[in-house]
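Examination of the molecular architecture
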Amino acid sequence: MRTQVGIIGGGPSGLLLSQLLHLRGIDTVVLEKHSRDYVLRRIRAGVLEHGFAALMREAKVGERMDREGQIHEGFYIAHDGIKERVNLKELTGGNTVIVYGQTELTRDLYEGRDRLDGIVIHNAEDVKPHDFDTSRPYLTYRQGVDAVRVDCDYIIGCDGFHGVSRQSIPKDKMREYERVYPFGWLGVLSRTRPVSPELIYATHERGFALCSLRSPTLSRYYIQVPLTDSVEDWSDAKFFEELQRRLPEDVAAAMITGPSIEKSIAPLRSFVVEPMRFGRLFLAGDAAHIVPPTGARGLNSAASDIYYLYHALVDHYTKRDDAGLESYSRRALARVWKGQRFSWWMTALLHRFPDSSAYDRRLQETDLAYLFSSQKALASLAENYVGLPF
Ligand code: FAD
Ligand code: PHB
């Protein structure tokens, strides 16, 4: 098989790039390790910035997002028994975010690929990129007993943090930067009316909590838990009890609890690899960088990589202009690091660190007090939360 752009990973990054390129007449093949059902069962991101939404529309898969996604003009930070609002719209001169689940967005992308007869190969086993330091890279994979080779001009690694792409780059040709946090997020999805129409990020001496949502009838809640905990340690009743303890009294009293339809623990990590390109292999999204979910940046950072790569590849194929490909890693990383900084800051502000001293606690309290006493500090938070320009 031959294609122009071989994409490893059929998550949001890989599917979005493939759909955008297809619409500009550029051939792609997407190799995804898992089944479509498996990919669609993963409950992850919920908050999209407008740059991401604009790309979904450009990819002609934004219709349902615009119909069913909810525009959020602000969110709350709860602390010391009260909640204070961050008015995103006012603070950014009109910008907002869209609450629309990653599951739905991925479903829309799959349907978009189907409509155009895009090639997405599921259950592709043992995918490997080869010869990407030459001008003739290729991919191999197995499907059952068949071994398949895909020749291509470029390989794009969109295969997430645990994927094969980054691991295929010689260790001495890249540098990894990492911070692992000593806690995770236990998340519950529940078919109940969300406690608040806007997100509430709560900091409490017992730990962080987040009240999010997917729709007016679907709640998504998280609590900070030690890494040693497992899902089995948390019955639904115990989860909701702990969540309510970390929220202001009026919020806790208004909460409707119900059985969980999904429950999982996500470890928190900050990670960046540099550069994001090695020869004809380009990394994008979680394959190159991840953030703790506190600032809602992960998927949105992936979208900006895809934006740069999409334009770079279109320039290459339509104008024989390689400037975008040459500058991809530098441009993508400049934005990625701003997302890292913001996610680290939000995480440090709102979580309880097991080894924090009384001094660290005072700094956290002062950071919060400063935030809500300074329009400039709030504006900086809002500007980052709605997404910096691509
Ligand atoms: P993935 O979604 O990881 O997709 C990679 C794909 O590659 C997968 O389908 C995988 O099966 C496939 N794959 C892996 N290895 C191989 C292989 N060897 N061969 C072939 N295929 C392979 N981000 C936000 O912006 N906003 C939020 O509100 C937000 N909330 C989050 C909440 C939680 C609890 C978590 C865990 C994450 C959250 N994120 C959020 C982050 C967001 O989910 C990720 O950044 C996003 O999934 C990245 O997309 P991706 O396509 O780059 O990678
Ligand atoms: C979510 O709804 O899953 C969500 C929302 C905001 C975040 C992280 C996760 O910061």
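Worth saying up front: this structure is predicted, and the values here are computed from it rather than measured. (Residues numbered from 1 in each chain as written. Chains lettered and ligands numbered in written order. Predicted model: local features only at pLDDT ≥ 70, side-chain atom pairs only at ≥ 80, totals over all residues. Heavy atoms only, no water.)

The strand order across the open sheet formed by 6 strands is E8-E2-E1-E12-E19-E18, and the pairing between neighbours is mixed. Edge strands, defined here as strands with exactly one partner in the open sheet, are strand E8 (119-121) and strand E18 (277-278). As paired elements, strand E1 (residues 5-8) and strand E12 (residues 154-157) share 4 bridges and run parallel to each other. Of the residues in E12, the one forming a bridge with Gly-6 is Ile-155. Strands E1, E12 and strand E19 (281-283) of the sheet are contacted by helix H10 (residues 298-319), whose axis makes an angle of about 175 degrees with E12. (Pairing = 2+ DSSP bridges. Helix = DSSP H or I, 4+ residues; strand = E, 2+ residues; numbered from the N terminus. Contact = heavy atoms within 4.5 Å. Axes fitted to C-alpha atoms, helices over the stretch in contact; angles between N-to-C directions.)

Its place among the elements puts Asn-123 in the loop between E8 and strand E9 (125-130). In this structure, Asn-123 is in contact with Glu-32, Lys-33, His-34, Ser-35, Arg-142 and Gln-143, ignoring residues within four places of it in sequence.

The residue Ser-219 is located in strand E16 (residues 218-226) in this model. Side-chain polar atoms of Ser-219 contact the side chain of Tyr-221, separated by 3.5 Å. Setting aside residues up to four positions removed in sequence, Ser-219 forms contacts with Val-188, Leu-189, Ser-190, Thr-192, Arg-193, Pro-194, Ser-212 and Leu-213. (Polar contact = N/O pair within 3.5 Å; in protein donor to acceptor, adjacent residues only side chain to side chain.)

What follows concerns helix H1 (residues 12-23). With 12 residues, H1 should reach 16 Å at 1.5 Å per residue; the first-to-last C-alpha distance of 17 Å fits that figure. Among the residues of H1, Pro-12, Ser-13, Gly-14, Leu-15, Leu-16, Leu-17, Ser-18, Gln-19, Leu-20 and Leu-21 are the ones counted as buried. Just downstream of H1, Gly-25 is the residue with a positive phi angle, here 80 degrees. (Expected span 1.5 Å × (residues − 1). Buried < 20%, exposed > 50% of the residue type's maximum accessible area, 1.4 Å probe, protein only.)

Turning to the packing of aromatic side chains, a few remarks are in order. Under the counting rule described, the total for this entry stands at 19 aromatic pairs. Arranged with centres 5.1 Å apart and planes meeting at 75 degrees, the rings of Phe-183 and Phe-353 form a pair that is edge-to-face. Of this pair, Phe-183 sits in strand E13 (residues 175-190) while Phe-353 sits in the loop between helix H11 (323-350) and helix H12 (358-371), and the two are 170 residues apart along the sequence. On the basis of relative accessibility, which here comes to 23%, the residue Phe-353 falls in the partly exposed class. A ring pair is formed by Tyr-201 and Phe-208, whose centres lie 6.3 Å apart and whose planes are at 45 degrees; its orientation type is tilted. The same class applies to Tyr-201 and to Phe-208, which are both buried. Through a chain of ring-to-ring contacts, the aromatic side chains of Phe-75, Trp-185, Tyr-201, Phe-208, Tyr-222 and Tyr-385 assemble into a single cluster. (Phe/Tyr/Trp six-rings, centres within 6.5 Å; stacked < 30°, edge-to-face > 60°.)

Moving on, we come to the pattern of salt bridges. Considering all chains together, one arrives at 28 salt bridges under this definition. Lys-128 is the salt-bridge partner of Asp-126, the closest N and O atoms lying 3.3 Å from each other. In this structure Asp-126 comes out as partly exposed when scored by relative accessible area, which is 43%. Lys-128 gets classed as partly exposed once you look at its relative accessible area, which sits at 38%. Two residues, Asp-315 and Lys-319, come together in a salt bridge whose shortest N-O distance is 3.4 Å. A residue pair is termed a helical-turn pair when its members lie 3 or 4 positions apart in one helix, as Asp-315 and Lys-319 do in helix H10 at 4 residues. (Salt bridge = Lys/Arg side-chain N within 4 Å of Asp/Glu carboxyl O.)

On to the site of ligand 1, then. Around ligand 1 sit 32 residues in total, of which Ser-13, Glu-32, Arg-42, Gln-102 and Asp-286 are the nearest. Interatomic distance of 2.7 Å between a side-chain N/O atom of Arg-42 and an oxygen atom of ligand 1. At 3.2 Å, a backbone N or O of Ala-296 approaches an oxygen atom of ligand 1. Summarising the interface, the protein chains cover 90% of the accessible area of ligand 1, which totals 1000 Å² for the free molecule. Elements represented by at least two residues in the shell around ligand 1 include exactly H1 and H10. Residues of the shell around ligand 1, tallied by class, amount to 13 nonpolar, 12 polar and 7 charged. (Near = heavy atom within 4 Å. Areas by Shrake-Rupley, 256 points an atom, 1.4 Å probe, with all protein chains shown as cover. Nonpolar A, V, L, I, M, F, W, Y, C, P; charged D, E, K, R; others polar.)

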